[in-house]
Amino acid sequence: MEDCFSGDEDYYSSDRDSLEGLENEENDIQCVSSKSPTTKVITKESLLAAQKEDLRRVMELLSLKEYHARTLLIHYRWDVVRLFAVLVERGKASLFSEAGVSMVEYQDINSLLSSSCTITCEICIEEVSGDKATRMDCGHCYCNTCWTEHFIVKINEGQSKRIKCMAHECHAICDEAVVRNLVSKRCPDLAEKFDRILIESYIEDNKMVKWCPSTPHCGNAIRVEDDEFCEIECSCGLQFCFSCLSEAHSPCSCLMWEHWTKKCRDESETVNWITVHTKPCPKCHKPVEKNGGCNLVSCICGQAFCWLCGGATGRDHTWSRIAGHSCGRYKEDREKKTERAKRDLYRYMHYHNRYKAHTDSFKLESKLKETVLEKVSISEERESRLRDFTWVTNGLYRLFRSRRVLSYSYPFAFYMFGDEIFRDEMTIEGREIKQHLFEDQQQQLESNVEKLSKFLEEPFDQFADDKVMEIRMQVINLSVIIDELCKKMYDCIENDLLCSIQVGNHSIAPYNSKGIEKASELSACWNSKVSSTVDKLLPPDCGTSGGTSEHGRPSEFGSPDDSGCSSRKRARKDSYRGAFFDLNLPAEIIDRN
């Protein structure tokens, strides 16, 4: 279920926009202050730039090569704040050793491996010339043939992101440039796969970045800055829950929504109905539904049995008894099972019917958009004192938003006050008190939503000005009241209901008066919020000034410009499948090619 005012034709990107026309006349209406979007759309073209942001930050502050920075970030799931928190708490040695980054580098020894010297490879026990062997940063040196075989095996096994050294009990991560160079000579396609996996690790391993779940896939990823429990609208128009990647479902938690969708699509309730309304044949065990008043029932297989107890009988019977059969004894377990199944079925039907009713109302009211805009157009053309009709579209937007909240509040109530998830979390008395509190707020919201729907369906384009002004004030007041009731319901759910739950994670996306936030395109600039958070964590003597590596060479990114953006870097695509190619090519070389 998606808000109808999303997409290119965005009549109300926020409640503030929709209420600006009302502020001059209604001073008591308080609008939500606008703020910049906290979610970003990462396209295929901007994926490399998004990854370079975090790499540059780590390289500059820790004086590292790019592949070392990538190794650290992959190990810490691209969480820059957590990485620097570990650095402050445990120190550099612990940070590097846990991630497999070598503290001592043997860059000068590599230069000694010339064709004039001979090296014995400890893997294949063969002597090779120095130019056919490679020494890693950890100091282990083997022939290029063995290294290549090792890299190919690891890439095919799905370990491209963290290929370790071949030496026994060595946990150092191999230089990605060496891996790329050796593998590309034998298997160019595999080298391209290696590059692509390294780039996509920014999404696959990053809890704050996820692929858009659109079908067919739009190719975008979404990055959030603050909380992973939020609802997002991708640039493709899809609205979804960032945490579980299903449709936006607040105030339901992700676990509740998962249970609800499964319950609605599987046969659990069909089984309940069969249990309540049928009895199994004692011979063929097929369910039999009674269609008459007589308690002697015949199955299609020919077996007669007693409807009261389910026992097989003969066919001879009178109005009071069946020949050779008596079932007057009470069997508690069977009766309890039937009653429990009947109670569970009726309870599910109560919540499902109301969930379905509001969902259907949402779909029907979505058709109001064109009708309402047509009424507004007609009203604007005629001579009237009232020229501002933003209250109409604002009320329509508020109706859509609140109808969504109402619809998903019923699955929430089904599990919150049932026995399936929170059986032992609340006492019976405590559950009843909380249920009454929630249902009171739900009922108030429902009542006002129905009133708003009624006023918006009025043919105000045919009314006199006085009547239109009356409807206008009703719509304005109801829009503000409904917004406040939605806020109170979410506050009740978060602070009075879910806060005491100990089992599982039942965080929900916060209520946003503006509706589901639409992610903006990612810029090439470093995120100032993350940057400032990292700077607070680091001691004054940590890191370096400027983009210099630990060997005195300028970093690959150069220094940022005045706007805070890194030097221009673009992702290069290969000529086969549009995949990204070399991560380390400077922009100048790419432009020249």
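Residues numbered from 1 in each chain as written. Predicted model: local features only at pLDDT ≥ 70, side-chain atom pairs only at ≥ 80, totals over all residues. Heavy atoms only, no water.

Some details on the sheet that holds strand E15 (residues 520-521)
Across the sheet, which stays open at both edges, the four strands sit in the order E6-E7-E1-E15 with mixed pairing between neighbours. At either margin of the open sheet sits one strand with a lone partner, and together these are strand E6 (209-211) and E15. By the bridge criterion, three bridges tie E6 to strand E7 (residues 221-224) in an arrangement that is antiparallel. Along E7, the bridge assignment pairs Trp-211 with Ala-221. Running at roughly 105° to E6, helix H9 (residues 188-204) makes contact with strand E1 (39-42), E6 and E7 of the sheet. (Pairing = 2+ DSSP bridges. Helix = DSSP H or I, 4+ residues; strand = E, 2+ residues; numbered from the N terminus. Contact = heavy atoms within 4.5 Å. Axes fitted to C-alpha atoms, helices over the stretch in contact; angles between N-to-C directions.)

Considering the pairing of E1
Where burial is concerned, the two faces of E1 agree: the one with Thr-39 and Val-41 and the one with Lys-40 and Ile-42 are both buried. Sheet topology places E1 next to E7; four bridges connect them, and they run antiparallel. When the bridges of E7 are listed, Lys-40 appears paired with Arg-223. Of the pairings in the sheet, the one linking E1 to E15 comprises two bridges and is parallel in character. (Buried < 20%, exposed > 50% of the residue type's maximum accessible area, 1.4 Å probe, protein only.)

A few points about the packing of aromatic side chains
Scanning the entire structure with this criterion turns up 20 aromatic pairs. Between the aromatic rings of Tyr-142 and Trp-147, the centroid separation amounts to 5.3 Å while the plane-to-plane angle is 65°, which identifies the pairing as edge-to-face. Accessibility classification places Tyr-142 together with Trp-147 in one group, the buried group. Geometrically, the ring pair formed by Phe-412 and Phe-438 is tilted, given 5.3 Å between the ring centres and 50° between the ring planes. Of this pair, Phe-412 sits in helix H14 (residues 390-416) while Phe-438 sits in helix H15 (residues 428-456), placing them 26 residues apart in sequence. In terms of burial, Phe-412 and Phe-438 fall into one category: buried. In textbook terms, an aromatic cluster arises when at least three aromatic residues are bridged by ring pairs, as seen for Trp-257, Trp-260, Tyr-348, Tyr-351, Tyr-355, Tyr-408, Tyr-410, Phe-414 and Tyr-415. Over the ring of Phe-414 we find Arg-347, and its NZ or CZ is 4.6 Å from the ring centre. Lys-454 extends its terminal NZ or CZ atom over the ring of Phe-455, reaching a point 5.2 Å from the ring centre. (Phe/Tyr/Trp six-rings, centres within 6.5 Å; stacked < 30°, edge-to-face > 60°. Lys NZ or Arg CZ within 6 Å of the ring centre and 35° of its normal.)

A few points about the side chain of Lys-375
Among the secondary structure elements, Lys-375 is positioned in helix H13 (residues 368-381). Asp-461 provides the closest opposite charge to the buried, unpaired Lys-375, separated from it by 5.3 Å. (Lys, Arg positive; Asp, Glu negative; His and termini not counted. Salt bridge = Lys/Arg side-chain N within 4 Å of Asp/Glu carboxyl O.)

Some details on the side chain of Ser-453
Mapped onto the elements, Ser-453 comes out in helix H15. Setting aside residues no more than four positions away along its own chain, Ser-453 makes contact with Glu-365, Leu-399 and Arg-403.

So, the sheet that holds strand E9 (residues 239-241)
On the basis of which strands lie adjacent, the open sheet formed by three strands has the order E9-E8-E14 and mixed pairing. A strand with exactly one partner marks an edge of an open sheet, and here the two such strands are E9 and strand E14 (517-518). As paired elements, strand E8 (residues 231-233) and E14 share two bridges and run parallel to each other. Bridge pairing links Glu-233 to Lys-518 in E14.

Let's talk about unusual backbone geometry
The residue after Thr-215, namely Pro-216, is reached through a cis peptide bond having omega -5°. One non-glycine residue with positive phi stands out, namely Trp-78, at about 60°. Mapped onto the fold, Trp-78 is located in the loop between helix H3 (66-75) and helix H4 (80-90). Of the residues examined, Trp-78 reaches a relative accessible area of 3% and is grouped as buried. With a phi angle near 65°, Leu-245 is a residue other than glycine that sits in the positive phi range. Secondary-structure assignment places Leu-245 in the loop between E9 and helix H10 (254-265).

Some words on the packing of H14 against H15
When two helices pack together, their arrangement is given by the angle between their axes and by how far apart the axes lie. Remark: H14 packs on H15, axes separated minimally by 10 Å, with the N-to-C direction vectors making an angle of 145°. Crossing angle aside, the handedness with which H14 passes H15 is left-handed. Here the contact of H14 with H15 is composed, by residue class, of 13 nonpolar, five polar and four charged. (Left-handed = near helix turned anticlockwise from the far one by under 90°. Nonpolar A, V, L, I, M, F, W, Y, C, P; charged D, E, K, R; others polar.)

A look at H4
Of all the positions in H4, only Val-80, Leu-83, Phe-84, Ala-85, Val-86 and Leu-87 are classed as buried. Measuring from the backbone nitrogen of Val-81 back to the side-chain oxygen at the start of H4 gives 3.3 Å, which picks out Asp-79 as the cap. Remark: Gly-91 follows H4 within two positions and exhibits a positive phi of approximately 95°. (Polar contact = N/O pair within 3.5 Å; in protein donor to acceptor, adjacent residues only side chain to side chain.)

Quick word on the confidence of the model for the chain
For the chain, the mean per-residue pLDDT works out to 76, and 74% of the residues sit at or above 70. With pLDDT under 50 throughout, residues 105-112 is counted as low confidence; its partners more than four residues away or in other chains account for 15 contacts. Here residues 543-593 is modelled with pLDDT under 50, and outside its nearest four sequence neighbours on either side it reaches 100 contacts, counting other chains as well. (pLDDT = per-residue confidence, 0-100.)

As for the pattern of salt bridges
If the charged atoms of two oppositely charged side chains come close together, the side chains can form a pair. Taken as a whole, this structure holds 21 salt bridges when the rule is applied. The closest approach of N and O atoms between Arg-70 and Glu-66, which form a salt bridge, is 2.8 Å. Placement of the pair is Arg-70 and Glu-66 together in helix H3, with a separation of four residues, close to one helical turn. Glu-66 sits in the buried class, given a relative accessible area of 5%. Note that Asp-483 is salt-bridged to Lys-487, the shortest N-O span being 3.7 Å. In this pair, Asp-483 and Lys-487 are both assigned in helix H16 (residues 465-497), four residues apart and thus about one turn of the helix distant.

Observations regarding the packing of H4 against helix H5 (residues 92-99)
H5 packs onto H4 with a crossing angle of 130° between their chain directions and a minimal axis gap of 7 Å. Judged by the inter-axis angle, H4 sits oblique to H5. Judged by residue contacts, Leu-83, Val-86, Leu-87 and Arg-90 of H4 engage Lys-92, Ser-94, Leu-95 and Glu-98 from H5. Classifying every residue of the contact of H4 with H5 gives four nonpolar, one polar and three charged. (Parallel < 35°, antiparallel > 145°, perpendicular 65-115°, else oblique.)

Thoughts on the nonpolar core
In this structure, Val-58, Leu-62, Leu-72, Leu-83, Leu-95, Trp-147 and Phe-151 are the most contacted members of the largest nonpolar core, which totals 60 residues. Looking at this core, the elements that each hand over two or more residues are helix H2 (47-62), H3, H4, H5, strand E5 (141-143), helix H7 (144-156), helix H8 (176-186) and H9. The element best represented in this core is H2, accounting for eight residues. Counting 57 residues, the second-largest nonpolar core is a separate cluster that includes Tyr-348, Val-372, Leu-445 and Leu-498. (Core = buried A, V, L, I, M, F, W, Y, C linked by side-chain atoms within 4.5 Å.)

Details of the environment of Val-86
Position of Val-86 relative to the elements: it lies in helix H4. When the C-alpha atoms of Val-86 and Tyr-76 are compared, they prove to be 9.6 Å apart, with 10 residues separating the residues in sequence. Val-86 has contacts with Tyr-76, Gly-91 and Leu-95, leaving out every residue within four places of it along the chain.

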